[in-house]
Each structure stands twice: as structure tokens, then as C-alpha cells.
Amino acid sequence: MQITSKFTIAIHILACIDYFHGKMPVNSEFLAGSIGANPVIVRGVMSKLHKAGIISASRGKNDISLEKDLDSVTLLDIYKLTDRSAEDGLFHFHENPNPECPVGSHIHVALDDGLIQVQQAMEDEMSRIPISSVTDKIKKELGE
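All values reported here derive from a predicted model rather than from experimental measurement.

1. What to know about the packing of helix α2 (residues 28-35) against helix α3 (residues 39-51)
- Where α2 meets α3, the axes come as close as 9 Å, and the angle between the chain directions of the two elements is 110 degrees. If you check the angle between α2 and α3, you find them roughly perpendicular. You can see that α2 and α3 cross each other, and the crossing is right-handed. For the pair formed by α2 and α3, the contact residues are S28, E29, L31, A32 and I35 on the first element and P39, V42, R43 and M46 on the second.
- Its residues assigned to classes, the contact of α2 with α3 shows 6 nonpolar, 1 polar and 2 charged.

Structure, rendered in C-alpha cells:
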């Protein structure tokens, strides 16, 4: 199972707003062009960011701004906003292992705890990485 591209789209949106706000109007059409994605998908991700209080955006508004400091928003925050696997679990188990099989009847017991530990480790690491680290790297690459 892959983490949906909405995760990276959301981070791209935040990076664009951080970089371009105040220099030029930032709107969903502009963002879609930068991301290379359908504007409908971009607006859907923007809606989630807006509902979470991370960006200020409204229908017809010609400039989107950040509502939260990107030092206080982490990769984990964005993952939880954009990806169902954050709720459902990163790993999806096959649903019908054979209970008559020695392996099938014990596979959950043998594997579940390890998979939970892997997801927890990923989320712990994501919680330590602020979005500002992404925007700072972009600015560094641009020589700013």
C-alpha cells in the first residue's frame, strides 16, 4: 500500500504558499500548474488544509495564505489529514487466511505486532519533521 500522492501534494501546496505569498497571488489554478495535477484534486487537498486551520482559502479568493507557522506543522499532521492509511493502518492484511492451515490460523498473531511497530516508528519519525524543513531546503537550493 502506498501513501497517496495527496500527502506530497499538500506539502507542495504549503511550500508554494510559503514561497510565493506576498510576491504574487497564489490560487488553486496556480498551484495546480506548479504541482502538475488536476485543479479539482488540488482544491480537495486545499479544503482539508483549510479545515485543519493550516491555510486560509475561500471560494473565489485570489490569494491563499498560511494560517499556521510551518515550524508547528509536521509531516505526520499532513499524513493524517490526507491519507486514510493513517486511520486504517498502513498495512492491509489479507482478509481470509485459512483457519485450518497452521500458518493461516496464526499469521495475525505472528505479524500484527510487528506491523504496528513499523507504522508507529514511521509516524514517530514523521512527527519530528516540520514542514518548515522542506521549505527551508527549497530556499537553500534557490540560494535564498
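After that view, the rundown keeps rolling.
2. A short note on the pattern of salt bridges
- Per the counting criterion, the structure on display carries 3 salt bridges.
- Close ionic contact of R43 with E29 constitutes a salt bridge, the shortest N to O distance being 3.5 Å. With R43 in helix α3 and E29 in helix α2, this pair connects stretches of sequence that are 14 residues apart.
- Where E125 meets R128, a salt bridge forms, and the shortest distance between an N and an O atom there is 3.0 Å.
- A relative accessible area of 40% means that E125 is categorised as partly exposed.

Calculation notes
- Residues numbered from 1 in each chain as written.
- Predicted model: local features only at pLDDT ≥ 70, side-chain atom pairs only at ≥ 80, totals over all residues.
- Heavy atoms only, no water.
- Axes fitted to C-alpha atoms, helices over the stretch in contact; angles between N-to-C directions.
- Helix = DSSP H or I, 4+ residues; strand = E, 2+ residues; numbered from the N terminus.
- Parallel < 35°, antiparallel > 145°, perpendicular 65-115°, else oblique.
- Left-handed = near helix turned anticlockwise from the far one by under 90°.
- Contact = heavy atoms within 4.5 Å.
- Nonpolar A, V, L, I, M, F, W, Y, C, P; charged D, E, K, R; others polar.
- Salt bridge = Lys/Arg side-chain N within 4 Å of Asp/Glu carboxyl O.
- Buried < 20%, exposed > 50% of the residue type's maximum accessible area, 1.4 Å probe, protein only.

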